[in-house]
Structure formats: C-alpha cells, structure tokens
Amino acid sequence: MLRTALTDMFGIEHPIVLAPMGGVSGGRLAAAVSNAGGLGLVGGGYGDSGWLSRELSLVKSQTSHPWGVGLITWSADASIVDLALGYRPYAVMLSFGDPRPYGSIVKAAGCHLICQVQDVAGARLALEAGADVIVAQGTEAGGHGAGRSTLALVPAVVDAVTPTTVLAAGGIADGRGLAAALMLGAQGALIGTRFYASKEALGHPQAKRMIVDARGEDTCRTTVFDVVRKLAWPQPYDGRALRNGFVERWRGREEELAAQVDTQYHVYASAVQAADHDVAVVWAGEGVDLINGIEPAGDIVQRMATEATDRLRWGGRLA
Ligand SMILES: Cc1cc2nc3c(=O)[nH]c(=O)nc-3n(C[C@H](O)[C@H](O)[C@H](O)COP(=O)(O)O)c2cc1C
C-alpha cells in the first residue's frame with residue numbers, strides 16, 4: 001500500500017487521481033476510479049450546467065467514496081462553481097487561469113481545493129488561492145497545458161510549495177510513472193490519457209482505439225482545435241492531441257484558419273457529429289505508448305498501484 005499525504009488527506013487507498021477530462025471523465029468513470037481506491041474527478045470542462053448536473057448526480061449515486069469535480073478556471077463563473085459545490089464534492093480542481101477568485105468560495109464550502117499549474121509562478125498563485133493540493137502538469141500531458149517537462153517541473157514545484165501536497169501529471173500511464181512521480185517528491189499522480197482508454201470513459205470507441213494504436217510521436221501540441229471551435233484560450237496554453245488530417249492541414253497556418261473560421265467552424269462541428277476523427281480532436285498525451293487496451297478503470301488503478309509498489313521495493317534493493 002502506498003500511503004502518502006494525498007491518501008491521508010482524502011482517506012483513499014491509492015495515490016492515483018483521475019484527471020477531470022472534459023467530456024470524457026463522466027460520473028461513471030469518476031465513480032469507478034473512486035470505488036477502486038483512487039480519487040475520481042468529473043471533468044466539468046467549459047461548464048455546461050446540464051451535463052455537469054447529470055454527471056455529478058451519477059457519480060454521487062455510484063460511489064460512497066471521495067470524489068471531486070474539475071473546472072476550467074478562465075471559462076468558469078461563480079454560478080458554475082456554486083452548482084458544482086451544491087453536489088458536495090470532496091474536492092474541486094481548478095485548471096488554467098488564476099484560481100484566486102474562487103479559492104475562498106471552494107474552501108468556505110468545506111471542500112478541498114486542487115489547482116493544476118504549469119510552472120512555478122502558477123504554483124505560487126495556487127498557494128495564494130489556498131490550494132490544498134497542487135498538480136504540476138508537464139507538457140507531455142494530453143489536453144491543454146504548456147511547455148515545461150514533467151521530470152524537471154515536479155521537483156521544482158515541490159521545492160517551491162513544501163509542505164503543500166503536490167501531484168505529478170503528464171505522461172504517467174503505468175506504475176513505473178507513478179513510482180517515478182513519488183521519487184520526484186510528489187504525493188501521487190493525476191492521470192488522464194490512460195483512463196480515456198477505459199471502458200467507463202465517455203468518448204467515442206474509435207477515439208479510444210486510436211489512443212491504443214498511437215505512439216507518443218503521433219501526438220503534438222497545437223492551438224488549431226481551439227481556433228476552429230472559437231474558444232478564447234489565453235496564453236500560454238495550447239493542447240496535446242493525436243495528429244490527424246486537420247492538424248496536418250492547419251498547424252502553422254493558424255491565422256489563415258482564423259480568417260475563415262466561420263466556414264471551418266461548421267465543417268468541424270459536422271465532423272464531430274459524424275465522429276470523423278481525421279478532423280475532430282482526440283486529446284491525448286505522450287504516454288500513449290504505454291496503453292495497450294481498453295480496460296475497466298478499476299483494473300487500471302489496481303495494476304498501477306501494484307506495479308508502483310513493486311518498483312519502489314525493487315528500487316530500494318539496489319546496491
Ligand atoms: C481527453 C483529455 C481532456 C482533458 N480535459 C481537461 C479539462 O477539461 N480540464 C483539465 O483541467 N484538464 C484536462 N485535461 C488535462 C488533464 O487534467 C491532465 O493534466 C492530463 O491528462 C495529464 O496527462 P496525461 O494525459 O498524460 O495523463 C485533459 C486531458 C485529456 C487527455
């Protein structure tokens with residue numbers, strides 16, 4: 001058993017947290033991770049209140065273990081934070097943007113605040129917001145993020161915020177990665193892409209299959225999917241996704257894409273409807289090499305915890 005400050009804080013068994021992947025980490029997946037002894041976070045994304053209400057009701061009905069919900073900070077407002085808190089989560093995670101406006105609201109509700117950051121300056125802002133847990137997210141991560149690498153960023157954030165609990169994120173997809181995160185001084189790992197390829201994840205079966213088939217070099221960081229969806233992501237964020245025909249066509253020509261976005265927006269929306277993933281985005285991290293099947297989330301949690309424990313024991317025996 002891997003006991004850390006994170007497992008103590010939430011009374012959970014394993015230092016494994018499901019990333020709140022927008023549209024992918026629904027209530028069923030979050031509950032499956034929590035029921036397996038991790039901490040499941042529902043991905044509230046851009047704050048669609050109907051989606052959020054449905055998935056938060058689901059997670060509440062499917063687990064009696066701690067769970068939480070994540071929101072994209074720059075797109076959130078007080079009403080969506082209130083809606084999330086109304087379901088009495090054990091944790092709210094804020095990512096991408098200044099968390100300070102919402103920190104005190106989350107804490108006043110008796111809820112743990114988790115903030116995901118991409119650099120040391122962001123970690124200091126998270127401390128000011130009252131974060132109980134800071135996730136240091138490296139550029140290997142699937143979905144939105146920035147430029148620092150996990151291996152160098154995690155210990156730098158640990159040093160900057162000790163004794164606050166830190167989690168590592170980005171490229172962690174098996175027990176070896178979890179063990180490495182603990183060695184870097186993190187108290188656990190926040191994991192996205194590995195759980196995308198799980199039975200309980202929302203998301204199209206074809207997208208899950210593409211993740212299983214992909215290699216790390218089939219991913220890239222890009223803003224083209226934000227441009228075409230007319231999403232006003234602030235600097236410095238872009239996102240890591242599987243390369244597809246749409247990325248190959250528009251990467252490096254973002255201004256041209258922006259100039260004809262009204263037409264391309266509809267082309268893109270139709271592709272999403274048709275599940276045409278040569279156009280529609282599949283967010284995924286560099287850890288895809290380590291994903292060999294679409295499995296129940298509980299099995300992924302168990303295997304990762306066992307493998308990390310074994311690795312740490314074995315490492316301790318090195319002469
Ligand atoms: C499909 C997908 C969607 C994501 N959506 C969100 C999101 O809505 N909010 C968020 O905070 N992070 C989001 N992320 C990033 C995760 O929080 C996390 O940093 C990342 O998954 C960790 O790296 P990994 O994918 O290599 O495990 C997403 C990641 C993926 C793969």
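Residues numbered from 1 in each chain as written. Predicted model: local features only at pLDDT ≥ 70, side-chain atom pairs only at ≥ 80, totals over all residues. Heavy atoms only, no water.

Side note on the domain arrangement of the protein chain
Where interface size is given, it is often the accessible area lost as the parts come together that is meant.
Piece 1. Domain boundaries assigned for the protein chain yield domain 1 (5-203 + 292-316) and domain 2 (205-273).
Piece 2. Placing the centre of domain 1 and that of domain 2 at their C-alpha centroids yields a distance of 24 Å.
Piece 3. Each side of the interface is counted separately: domain 1 has 25 residues, and domain 2 has 18 residues.
Piece 4. At the boundary of domain 1 with domain 2, total buried surface from both sides reaches about 1700 Å², with 61% on carbon and sulfur atoms.
Piece 5. For the domain 1 face of the interface with domain 2, the top three residues by lost area are Trp74, His144 and Ile294, together amounting to 31%. (Domains from an automatic or database assignment. Contact = heavy atoms within 4.5 Å. Buried area = accessible area lost by both parts, 1.4 Å probe.)

Some points on unusual backbone geometry
Piece 1. Cis geometry is found at the peptide bond from threonine 162 to proline 163, where omega equals 10°.
Piece 2. Topologically, proline 163 is positioned in the loop between helix H7 (150-161) and strand S8 (165-169).
Piece 3. For the bond from glutamine 235 to proline 236, the omega torsion is 0°, close enough to zero to count as cis.
Piece 4. Among the secondary structure elements, proline 236 is positioned in the loop between helix H11 (224-228) and strand S11 (238-242).
Piece 5. The backbone of phenylalanine 96 shows a phi angle near 70°, a positive value even though the residue is not glycine. (Helix = DSSP H or I, 4+ residues; strand = E, 2+ residues; numbered from the N terminus.)

Let's talk about the pattern of salt bridges
Piece 1. Evaluation of the coordinates by the stated rule reveals 17 salt bridges.
Piece 2. Here glutamate 307 ties to arginine 176 by a salt bridge, and the two come within 3.9 Å at their closest N and O atoms. Pair noted here: glutamate 307 is in helix H15 (residues 297-316) and arginine 176 is in helix H8 (residues 175-183), with a separation of 131 residues, a long-range link.
Piece 3. Taking the relative accessible area as the measure of exposure, glutamate 307 reaches 23% and is therefore partly exposed. (Salt bridge = Lys/Arg side-chain N within 4 Å of Asp/Glu carboxyl O. Buried < 20%, exposed > 50% of the residue type's maximum accessible area, 1.4 Å probe, protein only.)

Observations regarding the nonpolar core
Piece 1. The biggest cluster of nonpolar side chains holds 89 residues, and the ones touching the most others in it are Ile114, Val157, Phe195 and Ile211.
Piece 2. Counting contributing residues, this core receives three or more from each of domain 1 (5-203 + 292-316) and domain 2 (205-273).
Piece 3. Leaving out residues up to four positions away in the same chain, isoleucine 114 has contacts with Phe10, Leu39, Leu41, Ala91, Val92, Met93, Leu94, Val133 and Val135.
Piece 4. Formed by 15 residues, the second largest nonpolar core is a distinct cluster that contains Trp250, Leu257, Tyr268 and Val281. (Core = buried A, V, L, I, M, F, W, Y, C linked by side-chain atoms within 4.5 Å.)

Thoughts on the site of the ligand
Piece 1. The environment of the ligand is formed by 23 residues, the closest being Ser95, Gln116, Gly171, Gly192 and Thr193.
Piece 2. Here an oxygen atom of the ligand sits 3.2 Å away from a polar atom, N or O, in the main chain of glycine 142.
Piece 3. Summarising the interface, the protein chains cover 96% of the accessible area of the ligand, which totals 600 Å² for the free molecule.
Piece 4. Elements with a minimum of two residues in the shell around the ligand: strand S4 (91-95), strand S9 (189-191) and helix H9 (193-196).
Piece 5. A per-class count over the shell around the ligand returns 12 nonpolar, 11 polar and no charged. (Near = heavy atom within 4 Å. Polar contact = N/O pair within 3.5 Å; in protein donor to acceptor, adjacent residues only side chain to side chain. Areas by Shrake-Rupley, 256 points an atom, 1.4 Å probe, with all protein chains shown as cover. Nonpolar A, V, L, I, M, F, W, Y, C, P; charged D, E, K, R; others polar.)

As for the packing of helix H6 (residues 120-129) against H7
Piece 1. Closest axis-to-axis distance for the H6/H7 pair is 9 Å, and the angle between their directions is 40°. On the basis of their axis angle, the class for H6 and H7 is oblique. Once H6 is placed against H7, the crossing between them reads as right-handed. From H6, Val120, Ala123, Arg124 and Leu127 reach across to H7, where they touch Leu153, Ala156, Val157, Ala160 and Val161.
Piece 2. In terms of residue class, the contact of H6 with H7 is made up of eight nonpolar, no polar and one charged. (Axes fitted to C-alpha atoms, helices over the stretch in contact; angles between N-to-C directions. Parallel < 35°, antiparallel > 145°, perpendicular 65-115°, else oblique. Left-handed = near helix turned anticlockwise from the far one by under 90°.)

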